[in-house]
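# Reading the structure
Now for the letters of each chain:
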Number of protein chains: 2
Amino acid sequence: MLIPLVRALAVAAPPPSLGDNTGDLDRLKKALAPQLAGAMPVVPYHRLSKVAERFRAAGFTGVAIVNNMVGAPVLVDFLPQPQPVLAGMALDLGTTHLEATLLDLATGATLARADLENGQIRFGADILTRIHHAGKEEGLTELHRAVIGSVNALAVELARISGLPVAEIRALSVSGNTSMVHFFLNINPYHLCREPYIPMVNAPDPCLAGELKLVIHPAAPVWLLPSVGSYFGGDLISGVLASGLDQQPETCMLIDVGTNAEVIVGNREWLIACAGAAGPALEGGVARMGMRAGPGAIEHVQIDPDSGEIRYETIGKGKPKGLCGSGLIDLVAELYLTRQIDIRGKFRPKAAGDRLIQGSEGWQFVVVPGEDSADGQPVVLGQVDLDALMRSKAAMYAILTTLTNQVGVAFGDLHRIYVAGAFGRHISPRQAIVLGMLPDLPLATYEPVGNSSLVGAQRILLESQARERSLELVRKITYIELNVNQEFMLRFSGSRFIPHTDHALFPSVPFFDGE
Amino acid sequence: MLIPLVRALAVAAPPPSLGDNTGDLDRLKKALAPQLAGAMPVVPYHRLSKVAERFRAAGFTGVAIVNNMVGAPVLVDFLPQPQPVLAGMALDLGTTHLEATLLDLATGATLARADLENGQIRFGADILTRIHHAGKEEGLTELHRAVIGSVNALAVELARISGLPVAEIRALSVSGNTSMVHFFLNINPYHLCREPYIPMVNAPDPCLAGELKLVIHPAAPVWLLPSVGSYFGGDLISGVLASGLDQQPETCMLIDVGTNAEVIVGNREWLIACAGAAGPALEGGVARMGMRAGPGAIEHVQIDPDSGEIRYETIGKGKPKGLCGSGLIDLVAELYLTRQIDIRGKFRPKAAGDRLIQGSEGWQFVVVPGEDSADGQPVVLGQVDLDALMRSKAAMYAILTTLTNQVGVAFGDLHRIYVAGAFGRHISPRQAIVLGMLPDLPLATYEPVGNSSLVGAQRILLESQARERSLELVRKITYIELNVNQEFMLRFSGSRFIPHTDHALFPSVPFFDGE
């Protein structure tokens, strides 16, 4: 049965009498028990008076609001009539961006959708800078307040769109990386980035929104997706939930590329995972012209091999502002296929012609001239950005080979490869194969799963099984630490060419020998 | 197994490594689980950082402090070394008086004992006055603060005696009547004294001491004995636990007389209870010379039938200050046996002689002349006090007969009658029989059980079975409301004579016909 994180349960209790002097709250619990598989709900002390008084004021008939945590159900409120909608917020708590939906918990319908930049960015664009900031006096408090502020702003926005009071949002599920979860809970992230990289907690017990000073209903349960390790967070567990990797008879793989690349391979019997720094070049903020996949981002690029003409598509169809991850991969693959870069990822000035200009940090390739761009500035790809992408793609392939090697699975054995994250939403697997970033498999093997972090959080809101599965996954997943893995370092070196030093691994990709 | 409410469990977890990256808190939970019958402990949000940081600081080895609530165990602290003593406070939360012991939770040994007047008395000596006070603006808050203040003062005193810091008291069990529990929890007692007399809650879920602003350890569980009704509180459930009434094959009875008389009859199969106003005359504050059973209280009285000489014993052997309940019963029984009062409980001036003086409110009998008393004031028994006692004893006997009649049990069928409360500690059942207050049974039937409210609270601290039994008792006990019982009113009238209008009921008591 799909039990949402919070339910509104209709109750009609017999009124108290001289022949039945059971206390108000005990009467309510007793009337509820048959709907809770006989479990006696617990009432937290600070909700006791409110629940009992509202039950009595409603004439012992109405709707009980019950949080369905793992363990005993928690009775938190009583309403005289059913609310038109019992709403819960699912949150993808990203390092750079927060994305959320408001769901009708009874039907699963989406009531609103919104996103927002992470308010922590002013303390550092990347997680490491923020973890260091957390070590300063008041640093953790600042980071905690910033993220709570962003979540609150997002909740207010969802409420505005849906027309519900923000305090009527009755549940929150949060899917984020391990560091973001630490900041969100205001707990010290110090050891996350220090060997042996240990979180303070993987699976925090659910708390109530009031304890975190959230503006949604104070008794709303806050359910955080658990993490497997410092670099394998709840967002990845969400990915597994969303893709169903843990329920499949065939061995599949899930790849999520954000700031890090996280990969998990397995089936319903076993799951093995690792993570590594692979993504910086693919996210906004690192590549100079890089940007998040949003309006104005070039998401696809084609270069005519004869004329050298560049065709591109932007998200939202407007004028281009920059390149998102998938656009960058398309561009570099096309530059390789048109031989404007060599197998080391270096510009070939003769081939690139007058699109290549000398900038302060070396060559820059003009993708879109200033007169065609959104802001009058040309969209360019620098050699520096290209080098970063080469490192990322090498890391990515090295991660994939190291992981599959650990478990003795060949790429060809993989039934399906789910591609998650902002990366997965827009990427063309074919172009990633050309670069040697993803293994050379039939394109049908690849299946984008969109923002699976958000999808997982939505599942958590709606399905008790997803909540149970998520906790089981923490126990089930074996995590390999790549930060100290020798094999990974060797494989990384071999992967720093397009498509690879061993081009037999990429039979479908043309190989251009020499310069 | 006897699991105390809080346990200190030794843990030696493997330290984290690159090969074992489990989060700190998850590591601790995992290491603890085998000692918790496999149950995963829950960590409340506000304890998360503290527990995880202390576990790490201690090198992943030390002692976990686990609250053993009904349901999931709650992990609240971690210490590098076992404490010499893990202490819990058992509290009898009386209307007039608080009595408490500090126990070593591991051994059950008593570390300290203390008592204190209930700080709520300034808002009213009796519960009804306080319930009315709670209806005024800030009234409930005042009453709540007063009782919390008293409990805190008592905790400080227990800590002082035992030499432990008060914040190191790690558990609290509370046994009190239903109104006192409402005040303690700061919840509205309005309906307790209004037909049909319904508590806001019978069995509140345990909370933590910090939520009630208690000065003991903020994460100490506060476990309240549940009530059966407004007039049958947790103190009575304690009495059942202490006497074992619910586990006996033979039908027994428990009588507790404080401000009210509460009676429960039954065996391990069934339990039936009722309560009624019976005690006011027997507690300090109502009879003019009445006082609590404490130093200086006359607890036993004998009158020489020939000389009329009065012999008495005081608690503590000092000079007398007044009469406690048992002294009052002795005195009136002796006055009857020496024919100084008649069967209606009225003074017989001719027989009483010069001990009887005319006061502003009628006759007064001088028990102790001023020159022999503690404060120079004579200890007297007025006709007014005598009338009150006659009403109380009549109510008591009427309650007992009404209850046994309900279930078709004759007094002679009772295997044992446990007598609890301040009343039970000192009373001579023989004299109560003379008055017609208790049934005319062999004296061996009566067994005093002392302050069973406190004993029950102690059991709750030390034994998980007692906690489970107490909750089961709420479901098991059938409560009869006497406030509207016709039969009770009839029986009350018949009981307003010494020993009874039907003196065949009291064959062992001499009957003096006429004036």
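One can find the structure itself at the top, above this paragraph.
Description of the structure in this document. No experiment lies behind these values; they were computed from the predicted model shown.

### Notes on the interface of chain B and chain A
Counting from both sides, the interface comprises 45 residues of chain B and, opposite them, 45 residues of chain A. A buried area of about 3,500 Å², summed over both sides, lies between chain B and chain A, and 56% of it is on carbon and sulfur atoms. In terms of surface lost to chain A, no three residues of chain B exceed Leu18(B), Asn21(B) and Tyr45(B), which account for 23% of the buried area on that side. Counting the contacts that link chain B with chain A gives two salt bridges. The partner of Asp205(A) in a salt bridge is Lys29(B), with the nearest N and O atoms 2.8 Å apart. For the side of chain B that touches chain A, the secondary structure elements donating two or more residues are α1 (24-32), α2 (45-57) and β21 (477-481) of chain B.

### Observations regarding the sheet that holds strand β1 (residues 6-12) of chain B
Residue and element names in this part refer to chain B. Taken together, three strands build an open sheet; the order of strands is β1-β2-β3 and the sheet is antiparallel. For this open sheet the edge positions go to β1 and β3 (74-79), each flanked by a neighbour on one side alone. Here the average twist between neighbouring strands, direction ignored, is 30°. Summarising the sheet, β1 and strand β2 (residues 61-67) pair through seven bridges and their orientation is antiparallel. Bridge assignment links Ala-8 to a residue of β2, and that residue is Ile-65. The strands that α2 touches are β1, β2 and β3; relative to β3, the one it contacts most, it runs at about 40°.

### Remarks on the packing of aromatic side chains
One pair of aromatic rings is described through two measures. These are the centre distance and the angle between the planes. One pass over the full model with this rule turns up 18 aromatic pairs over all chains. Taking 5.2 Å as the distance between ring centres and 50° as the angle between the ring planes, the aromatic pair formed by Tyr397(A) and Phe506(A) counts as tilted. Pair noted here: Tyr397(A) is in helix α9 (residues 383-407) and Phe506(A) is in the segment after α14 (486-494), with a separation of 109 residues, a long-range link. Residue classification places Tyr397(A) among the buried residues on the basis of a relative accessible area of 2%. Considering the side-chain rings of Phe347(B) and Phe365(B), the 6.0 Å spacing of their centres and the 10° angle between planes classify their relative orientation as stacked. Here Phe347(B) is found in the loop between α7 (325-337) and α8 (349-352), whereas its partner Phe365(B) is found in strand β17 (residues 362-368), with 18 residues between them in sequence. A relative accessible area of 1% means that Phe365(B) is categorised as buried. A network of ring pairs unites the aromatic residues Phe55(A), Phe60(A) and Phe78(A) as a single cluster.

### Notes on the sheet that holds strand β8 (residues 207-208) of chain A
Residues and elements named next belong to chain A. Read across the sheet, six strands follow the order β6-β5-β4-β7-β9-β8 without closing on themselves; strand pairing throughout is mixed. The open sheet terminates on both sides in strands that have one partner only, identified here as β6 (110-117) and β8. By the bridge criterion, seven bridges tie strand β4 (residues 87-93) to strand β7 (residues 169-176) in an arrangement that is parallel. Within β7, the residue paired with Ala-87 across the bridge is Ile-169.

### Brief notes about the relation of the copies chain B and chain A
For the match of chain B to chain A, the screw axis carries a shift of 0.1 Å, the RMSD comes to 0.1 Å, and the turn is 180°. Such a turn and shift between the copies fits a two-fold axis. Both copies contact each other with a shared surface, as 100% of the interface residues of chain B are interface residues in chain A too.

About the cut-offs
Residues numbered from 1 in each chain as written. Chains lettered and ligands numbered in written order. Predicted model: local features only at pLDDT ≥ 70, side-chain atom pairs only at ≥ 80, totals over all residues. Heavy atoms only, no water. Contact = heavy atoms within 4.5 Å. Buried area = accessible area lost by both parts, 1.4 Å probe. Salt bridge = Lys/Arg side-chain N within 4 Å of Asp/Glu carboxyl O. Helix = DSSP H or I, 4+ residues; strand = E, 2+ residues; numbered from the N terminus. Pairing = 2+ DSSP bridges. Axes fitted to C-alpha atoms, helices over the stretch in contact; angles between N-to-C directions. Phe/Tyr/Trp six-rings, centres within 6.5 Å; stacked < 30°, edge-to-face > 60°. Buried < 20%, exposed > 50% of the residue type's maximum accessible area, 1.4 Å probe, protein only. Least-squares fit on C-alpha atoms with pLDDT ≥ 70 in both.

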